[in-house]
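Residue-level structural notes
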Amino acid sequence: AEYMGHFLSVYFFSSVCLVPQTLMALRLGILKCPGGLDYGVVWAKTLQQEADRVGVALECEVFDCSLRQLPSKPFAHDGYLITGSRHSAYEAEPWISELIALAADLVAAHTPVVGICFGHQVLATAMGSPACRTPAGWELGHYPVEMVPAGMQYLRDLLPPNCSPLPAPQGADPLVLPMIHGNHVPAVSSGMLPLGRTRACEVQGFYYPDQVLSVQGHPEFTQEMMRAMAGRGLGGLTENSVLDSLAVPNHGPWVVACLLASFVRCCALKLPRSSYQLRTGRLCLCMRQPNPNLARCSLR
């Protein structure tokens, strides 16, 4: 099997059949929100690097939410990623209200959506769990997330170990992610499944299977980005305490891989059921070059 043109081939494996399917290149909309970094550029680059790693044809379009440049045809994309921001989801800004309304419409229409930090809080607000200030104060640095077993299993099922970048979380080890936030989602509403928690933040992410996936952390942040933020004195945190936390390897690249895998899985499941025969199969990405390990590099 191999990548051809602008198409992404997807196979459903079962004990009895192998049915090839073809999807157009994955088209994602990045809903960029203002912050200390250009999150549109950062996420387009991050997703493209992961797509190149696993051989997924990817097209990203960036929308500047603060300029109220929301997609005119929101359902023309296969999915959306809402970025982080220096703003709060509870601010009375017109562009934030419009973004929350768009997120609610996307969820209602079963469109795949990923939320990151501020985007996580926007999604939660749109789904009935508004964000607020974190009573315990800021989290800035690398923090271990105590994962809900079902949440960790959901992520692992998206991206089996043989396809995952390193480092990957092992066994019951916590998921370590870069953090920079002073707001949080205090609880999940009905239908939202929590991923994990830290001492300061009860909801470090949530998911709705095969549609919504969000994380409070910043899996796209590199060590260099975190070092640049270490001396900001947010929440009274000292530069040395933040830098000390960065000595712990983080699982950001692994989570990025899970996010892209989630988009691919969601889009594959949207194929018309009359066009394939799905039994107890596994979804597998075709690589751009013939790959002898194809059957082992799969998304459940």
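1. Comments concerning helix H4 (residues 149–158)
- Every buried residue belonging to H4 is among Gly151, Met152, Tyr154, Leu155 and Leu158, and all of these are buried. End-on, the buried residues of H4 take up no more than an arc of 155°, which puts them together on one face.

2. Some points on empty space enclosed by the protein
- Within the structure shown, the criterion is met by 2 cavities of 30 Å³ or more.
- Of the voids in this model, the second largest cavity is the one considered here, and its volume is about 40 Å³.
- Around the second largest cavity, the lining residues are Val145, Met147, Leu175, Leu177, Leu195, Gly196, Gln204 and Val215.
- For the lining of the second largest cavity, the secondary structure elements donating two or more residues are strand S8 (139–147) and strand S9 (175–181).
- Among the residues forming the lining of the second largest cavity, the class breakdown is 6 nonpolar, 2 polar and no charged.

3. Let's talk about the side chain of His87
- The residue His87 is located in the loop between strand S5 (79–82) and helix H2 (94–108) in this model.
- At 2.9 Å, the side chain of His87 forms a polar contact with the side chain of Glu91.
- Setting aside chain neighbours within four positions, we find His87 in contact with Pro34, Trp95, Ile96 and Phe118.

4. Concerning the environment of Leu175
- Positionally, Leu175 belongs in strand S9.
- On the basis of relative accessible area, Leu175 is assigned to the buried category, the value being 3%.
- Considering only alpha carbons, one finds Leu175 and Tyr143, 32 residues apart in sequence, at a separation of 8.2 Å.

Reading the values: rules and limits
- Residues numbered from 1 in each chain as written.
- Predicted model: local features only at pLDDT ≥ 70, side-chain atom pairs only at ≥ 80, totals over all residues.
- Heavy atoms only, no water.
- Buried < 20%, exposed > 50% of the residue type's maximum accessible area, 1.4 Å probe, protein only.
- Helix = DSSP H or I, 4+ residues; strand = E, 2+ residues; numbered from the N terminus.
- Arc of directions from axis to C-beta.
- 1 Å grid on protein atoms, 1.4 Å probe; cavity = no way out; pocket = protein on both sides within 12 Å on 5 of 7 lines; lining within 4 Å.
- Points joined across faces, edges and corners; volume = space filled by probe spheres on them.
- Nonpolar A, V, L, I, M, F, W, Y, C, P; charged D, E, K, R; others polar.
- Polar contact = N/O pair within 3.5 Å; in protein donor to acceptor, adjacent residues only side chain to side chain.
- Contact = heavy atoms within 4.5 Å.

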